[in-house]
Amino acid sequence: MKIDIPYKLSYLLIILFFLSCKIGPDPEQEIEKLEEKIEILPPVDLYGDLFYDVQKGEIFEDSKTFVDAIPQYNVGLIRQRYNMLDDTTNTAISEFVEQHFEVPGDQLAFEADSSSINQHITKLWASLKRKKDDSISGTLIPLPNPYIVPGGRFREIYYWDSYFTMLGLLEDGEVETIENMVDNFAYLIDEYGFIPNGNRTYYLGRSQPPFFAMMVKILAEAKGEKVLKTYLPELEKEYNFWMNGIQKLDQENAVRRVVKMQDGEVLNRYWDDNDTPRPESYREDIETAKITVSKNPELSKEEIYRNLRAGAESGWDFSSRWLNRNAEGEFDLSTIHTTDIIPVDLNSLLYNLEMTIAETYEINDDKEASEEYRLKAENRKKAILKYCWSETEGFFMDYNFKRNEQTGRLSLAGVYPLFFEIATDPQANEVRKKINEVFLKPGGVVTSPYNTGEQWDAPNGWAPLQWLTIKGLENYGFTELAGEISSRWLDLNRKVYQDTYKMLEKYNVEDLSKKSGGGEYPTQDGFGWTNGVYQKLSSEN
């Protein structure tokens, strides 16, 4: 009689045999180590009580540090050992973690030198590059090809960051690196059905602004339009992810990331499939929910967590875009309501995705499919102009579909319709005026005119928003203002580099004597998208 041995058991028996044939560490413990290397789970599932105790005990200053740590033994064994601890003081927990994990450093080390800023950035690519990942335990989702990380606490690939990073990689001739990164994102789409915020298991509930189509276009710029055909399946899969739930809009007006508007149009919002504290910002989310519920007892903590996570999916974590004013007239994170909002940037990006798919089908001589996606794009364009254009402000706004009104928040999300050429010429001219009057500052353009203490507001300027604003203005012939923004931003980058030999995640564009600030963590050094935009803009000036 034949007995089928389960695959996992047979795998372990083989390992045990080979381990027993040599002198070395205890075979049972080695099996525990090897077995764990094929498990990749979210930190709550991996570590149980240890996760909660580390985060609540503030063992690390940054909540992200522990969830990025690499377990050195089977996590079942780690949990078992932890449950047997008699002493669970912070000191004992800290020692336990040190004994059982490889804990990442807070910063990546960059060698300061007196190179020109362009040469420095070219050298930085090697420091920011990661080899293809081995399948080891922990929260990192292994990627099959090398990739660029942003820097600082961001030790993994990030979705929308990577488009702006690729601008500089292309300028430096790093086409192979770009292709590897695009292939990694295609792999994630095929494996998970979408591109997560980053390649960590704790990001599997959300994505980020859908720039994949723009990355494919960068690669096509280097290798020809055949590239579009190669990635068509993944482009459509990503589109289907964002449109998931559209079939249910007859019963509900909002399902996951799709929303049925008051006149029947379908637009999109940011979302997260989970309604728990973000593991990488665990303490911060717990505190925000506690404060919010104390002020608004009718709200549940789950609603707050979902909205915080949706704000993270937007990439703008956090901003006045997602907030209301409190009784004192100040923007307050406890008022966050991201999932109520139709974002103008997200829908402009999805318009571009629809147009890119249409273009690719046209290259394939599939006129019927091409026309189908062009119609989707045209309908979305009309809806963006209908719901997001403010005649009063002369600017594009986000729209609150729960209140059936625009949010009234000015932000550089309003330049996306110019970047993707959705705006009419008169609308673009009004946007130009507003940028000149409200957003233009000594160091470039400010994210919003509101100083809220959140990092995606004043006084901060961010490289991706400089790029989008400059190119959006150029699309409509406003080259003088575009050139002025570019010049001010490049000058600020050079000034900070000359003072510190650093490329920063964000900059204070209002007061050039001060650093940027706000948000859940300190300003990071590195920095992928700042490097990319600088290389590209400086080559054009």
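In this report, the structure presented in the accompanying data block is examined.

The rules behind these values
Residues numbered from 1 in each chain as written. Predicted model: local features only at pLDDT ≥ 70, side-chain atom pairs only at ≥ 80, totals over all residues. Heavy atoms only, no water. Helix = DSSP H or I, 4+ residues; strand = E, 2+ residues; numbered from the N terminus. Rg over C-alpha atoms; globule rule 2.2 N^0.38 Å. Contact = heavy atoms within 4.5 Å. Areas by Shrake-Rupley, 256 points an atom, 1.4 Å probe, with all protein chains shown as cover. Lys, Arg positive; Asp, Glu negative; His and termini not counted. Charge placed at Lys NZ, Arg CZ, Asp CG, Glu CD. Buried < 20%, exposed > 50% of the residue type's maximum accessible area, 1.4 Å probe, protein only. Core = buried A, V, L, I, M, F, W, Y, C linked by side-chain atoms within 4.5 Å. 1 Å grid on protein atoms, 1.4 Å probe; cavity = no way out; pocket = protein on both sides within 12 Å on 5 of 7 lines; lining within 4 Å. Points joined across faces, edges and corners; volume = space filled by probe spheres on them. Nonpolar A, V, L, I, M, F, W, Y, C, P; charged D, E, K, R; others polar. Polar contact = N/O pair within 3.5 Å; in protein donor to acceptor, adjacent residues only side chain to side chain. Pairing = 2+ DSSP bridges. Salt bridge = Lys/Arg side-chain N within 4 Å of Asp/Glu carboxyl O.

### Here we look at the overall build of the protein chain
- A count of helical and extended segments in the protein chain gives 22 helices and 16 strands.
- For 541 residues, the compact-globule estimate of 2.2 N^0.38 gives 24 Å, and the C-alpha radius of gyration of the protein chain, at 24 Å, lies within 12% of that figure.
- Overall size of the protein chain, expressed as C-alpha extent along the three principal axes, is 75 × 55 × 55 Å.
- Long-range pairs, those at least 24 residues apart, make up 67% of the contacts in the protein chain with a sequence separation of at least 6.
- Per element, the accessible surface of the protein chain, about 22900 Å² overall, is 47% carbon and sulfur.
- Put simply, the protein chain has 60 plus and 91 minus side-chain charges, and the middle of one group is 1 Å from the middle of the other.

### Comments concerning the environment of Ile470
- Topologically, Ile470 is positioned in helix α20 (residues 463-475).
- Judged by its relative accessible area of 1%, Ile470 is buried.
- When the C-alpha atoms of Ile470 and Glu484 are compared, they prove to be 9.0 Å apart, with 14 residues separating the residues in sequence.

### Quick word on the nonpolar core
- Counting residues in each nonpolar core, the largest one holds 153 residues, and the members touching the most others are Leu50, Phe66, Tyr163, Phe164, Phe212 and Ile435.
- No other element matches the nine residues that helix α16 (residues 344-363) contributes to this core.
- In this structure Leu50 touches Phe66, Ile78, Tyr82, Ile93, Phe96, Val97 and Phe101, once residues within four positions along its chain are discounted.
- If you look at the next biggest cluster of nonpolar residues, it comprises nine residues, including Ala254, Met261, Leu267 and Ala383.

### Focus: empty space enclosed by the protein
- Counted under the stated rule, the structure contains one cavity of 30 Å³ or more.
- Taken as a whole, the largest cavity encloses approximately 270 Å³ of empty space.
- What lines the largest cavity is a set of 25 residues, and nearest its centre among them are Phe154, Tyr158, Gln208, Asp317 and Tyr521.
- Partitioned by chemical class, the residues of the lining of the largest cavity number eleven nonpolar, five polar and nine charged.

### Some points on the side chain of Arg206
- Relative to the helices and strands, Arg206 is located in the loop between α10 (175-192) and α11 (212-223).
- Only 3.4 Å separates the side chain of Arg206 from the side chain of Asp272, close enough to count as a polar contact.
- Those residues in contact with Arg206 that sit more than four places away from it in its chain are Phe194, Ile195, Pro196, Asn197, Arg257, Trp271, Asp272, Arg278, Glu280, Arg309, Ala312 and Glu313.

### Structural notes on the sheet that holds strand β6 (residues 258-260)
- One open sheet accounts for three strands, arranged β5-β6-β7; its pairing is antiparallel. Every other strand in the sheet has two partners, leaving β5 (254-255) and β7 (266-268) as the edge strands with one partner each.
- Both β6 and β7 contribute to a ladder of three bridges, which runs antiparallel. Directly across from Val259, in β7, lies its bridge partner Leu267.

### A few points about the sheet that holds strand β8 (residues 341-342)
- A sheet is described by the order of its strands in space; here three strands give the open sequence β8-β11-β12, paired in antiparallel fashion. Because the sheet does not close on itself, it has two edges, and the strands there are β8 and β12 (405-406).
- Pairing of β8 with strand β11 (residues 399-400), which is carried by two bridges, proceeds in the antiparallel orientation. Residue pairing across strands places Ile341 opposite Asn400, the latter belonging to β11.

### Describing the environment of Asp134
- In this structure, Asp134 sits in the loop between β3 (129-130) and β4 (147-148).
- Spatially, the C-alpha atoms of Asp134 and Val415 are 40 Å apart, while their sequence positions differ by 281 residues.

### Some thoughts on the pattern of salt bridges
- A full pass over the atoms with the stated rule returns 36 salt bridges.
- Where Arg278 meets Asp285, a salt bridge forms, and the shortest distance between an N and an O atom there is 2.7 Å. Take Arg278 and Asp285: they sit in the same class, and that class is buried.
- With a closest N to O distance of 3.0 Å, Arg321 and Asp345 form a salt bridge. Here Arg321, found in the loop between α15 (301-313) and β8, pairs with Asp345, found in helix α16; they are 24 residues apart in sequence, far enough to count as distant. Summarising the burial analysis for this pair, Arg321 and Asp345 share the class buried.
- Residues joined by salt bridges that share partners form a network here, namely Lys64, Asp68, Arg155, Glu156 and Arg200.

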